[in-house]
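Residue-level listing of the chains:
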Amino acid sequence: MSVYEELSTLVQQGRANNVKDIIAAELEKGTNPKDLLQDGLLVGMSIIGEKFKNNQVYVPEVLIAARAMQAGIDGLASALASENMESKGKVVLGTVKGDLHDIGKNLVRIMLESKGLEVIDLGVDVSAEKFVQTAIDENAQVIACSALLTTTMAVMKEVVDEVNAKGLKGKVKVMVGGAPVTEDFKNKIGADYYTADASSASDVALQICQ
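Residues numbered from 1 in each chain as written. Predicted model: local features only at pLDDT ≥ 70, side-chain atom pairs only at ≥ 80, totals over all residues. Heavy atoms only, no water.

Some details on the domain arrangement of the protein chain
- We note that the domain assignment places domain 1 (3–81) and domain 2 (90–209) within the protein chain.
- Distance from the C-alpha centre of domain 1 to the C-alpha centre of domain 2: 26 Å.
- At the interface, 13 residues of domain 1 touch 13 residues of domain 2.
- Summing the contributions of domain 1 and of domain 2, the shared interface buries around 960 Å²; its carbon and sulfur component is 73%.
- Contact with domain 2 buries surface across domain 1, with Leu-42, Phe-52 and Lys-53 losing the most and accounting together for 39% of the total.
- On inspection of domain 1 and its partner domain 2, the count reaches 1 salt bridge.
- The closest approach of N and O atoms between Asp-203 and Lys-53, which form a salt bridge, is 3.2 Å.
- The tally of links between domain 1 and domain 2 comes to 2 residue pairs in polar contact (both at pLDDT 80 or more).
- When contributions to the side of domain 1 that touches domain 2 are tallied by element, the ones reaching two or more residues are α3 (33–53) and α4 (59–83).
- Of all the elements, α3 adds the most residues to the side of domain 1 that touches domain 2, at 7 residues.
- Residues of the side of domain 1 that touches domain 2, tallied by class, amount to 8 nonpolar, 3 polar and 2 charged. (Domains from an automatic or database assignment. Contact = heavy atoms within 4.5 Å. Buried area = accessible area lost by both parts, 1.4 Å probe. Salt bridge = Lys/Arg side-chain N within 4 Å of Asp/Glu carboxyl O. Polar contact = N/O pair within 3.5 Å; in protein donor to acceptor, adjacent residues only side chain to side chain. Helix = DSSP H or I, 4+ residues; strand = E, 2+ residues; numbered from the N terminus. Nonpolar A, V, L, I, M, F, W, Y, C, P; charged D, E, K, R; others polar.)

So this is what it looks like as structure tokens:
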């Protein structure tokens, strides 16, 4: 088994300490940090994402794997900084104003990061203006809005309207998701994309950015 396969397996098993040890040993040997990230850590997380999409694993396993991936990324941080690691794109993420649910949003963030995307996570209770202003300031390609309450879904339309008002239609894509959100709702408010789960959301965001 190559070191990359080993890292991938350890991430899937959520074994953060083992991941840290291998990363440290490989950097010591002079292994390329970018390869350790892309061919090891991200591959493992991507497999977990697929399994999650197919109901083969559930939220706890995803969170444990994400912790192991994060331990590896932390171990690589300074080496990657000196490599000047290129991000594949930028996504502004948050749960809309009036809604304090964040488990779904956090899963989306994990999946987006596992695709090599840079995520500006605004947290919960985020206004339409904040989503759009952050996208402008950060030069992001995607705004991803989550809602779990039907009463807060209307804020997603405000985000779309704000994007249009700022003349960003087509330049910044609006993605919507969350338990009560549907493809029909996306069409009704004029958002660009709807995805049903965190793994699909990361696939779509990566396509948009590329």
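Structural notes on the side chain of Lys-115
- Its location among the elements puts Lys-115 in the loop between α5 (103–114) and β2 (118–121).
- Residue Lys-115 is classed as buried on the basis of its relative accessible area, which comes to 16%.
- Within the local environment of Lys-115, its side chain forms a polar contact with the side chain of Asp-203, the two groups lying 3.1 Å apart. (Buried < 20%, exposed > 50% of the residue type's maximum accessible area, 1.4 Å probe, protein only.)

Here we look at the pattern of salt bridges
- Throughout the structure, instances matching the rule amount to 10 salt bridges.
- Among the ionic pairs, Glu-26 bridges to Lys-29, the shortest N-O distance being 3.0 Å. Of this pair, Glu-26 and Lys-29 both sit in helix α2 (residues 16–29), separated by 3 residues, roughly a single helical turn.
- For Lys-29, a relative accessible area of 64% gives the class exposed.

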